[in-house]
Amino acid sequence: TDETADALAERTFRAAVLDRSQRFAPGHAQLWSLYRSLIDLRRTHSALARSARPQAQAYAQGDVVTLTRSDPTESVCSLFNFSGAEAVTRLPLPSGGAGTPSSWTLLIDSADPTLGGNGQRQPGRVESQDVVRLGPHGFCAFGHVTPREV
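Bear in mind the structure is a predicted one, so any value in this text is a computation, not a measurement.

Asks: Lay out the overall build of the protein chain with the relevant residues and their values.
Replies: Helix and strand counts for the protein chain come out as three helices and eight strands. Taken from N to C terminus, the helices and strands of the protein chain fall in the order α-α-α-β-β-β-β-β-β-β-β. Across the 150 residues that make up the protein chain, the buried fraction comes to 31%. The long-range fraction of contacts in the protein chain, counting pairs at least 24 apart against all pairs at least 6 apart in sequence, stands at 59%. Surface summary for the protein chain: the accessible area is close to 10300 Å², and the carbon and sulfur share equals 54%.

Structure follows, in structure tokens:
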């Protein structure tokens, strides 16, 4: 129904309580794993933990949104396909380096079967400006460590 639930009703409260045993059920286990992986990614990559607005860039090309966040030590590029069909895009050049093309390392991919994906994962390492194919409603993130000045 289109009826809005009564936020104060007991029935609404019971329906909103998490059943933690569901995390082991088919479908739920992959979603649980996805959330845990995303939380871990944010905790272990400083560019995702905090970055000032000037170090965050986002743009859309067709149905693909590219979000790059950087800090002095690394950049993380996330690609999101908002289409129900496969989409193709290119990885950007990492910022903060010497300006020469370099590679990106895969951090997470929604095509990973342990996350509920179809198994057609991205390669573990991709060069800047390489083509990336995203499945329908798929996403992935790549990381690049910024070279230290000597």
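Asks: Account for the pairing of strand 4 (residues 87–90), with residues named and values stated.
Replies: On strand 4, burial follows the alternation: A87 and T89 on one face are buried, whereas V88 and R90 on the facing-out side are not. Across four bridges, the pairing between strand 4 and strand 7 (residues 131–134) is antiparallel. The residue bridging A87 from the neighbouring strand is L134, located in strand 7.

Asks: Can you tell me about the pattern of salt bridges, naming the residues and giving the values?
Replies: One pass over the full model with this rule turns up four salt bridges. Residues E86 and R133 are paired through a salt bridge, measuring 3.8 Å at the closest nitrogen-oxygen approach. With E86 in the loop between strand 3 (74–81) and strand 4 and R133 in strand 7, the pair connects residues that are 47 residues apart, well separated along the chain. Here R121 makes a salt bridge to D112, at a shortest N to O gap of 3.6 Å. The class for D112 is buried, based on a relative accessible area of 14%.

Here is what the cut-offs are and how they apply
Residues numbered from 1 in each chain as written. Predicted model: local features only at pLDDT ≥ 70, side-chain atom pairs only at ≥ 80, totals over all residues. Heavy atoms only, no water. Helix = DSSP H or I, 4+ residues; strand = E, 2+ residues; numbered from the N terminus. Buried < 20%, exposed > 50% of the residue type's maximum accessible area, 1.4 Å probe, protein only. Contact = heavy atoms within 4.5 Å. Areas by Shrake-Rupley, 256 points an atom, 1.4 Å probe, with all protein chains shown as cover. Pairing = 2+ DSSP bridges. Salt bridge = Lys/Arg side-chain N within 4 Å of Asp/Glu carboxyl O.

Keep in mind that these numbers describe shape and distance, not what the molecule does.
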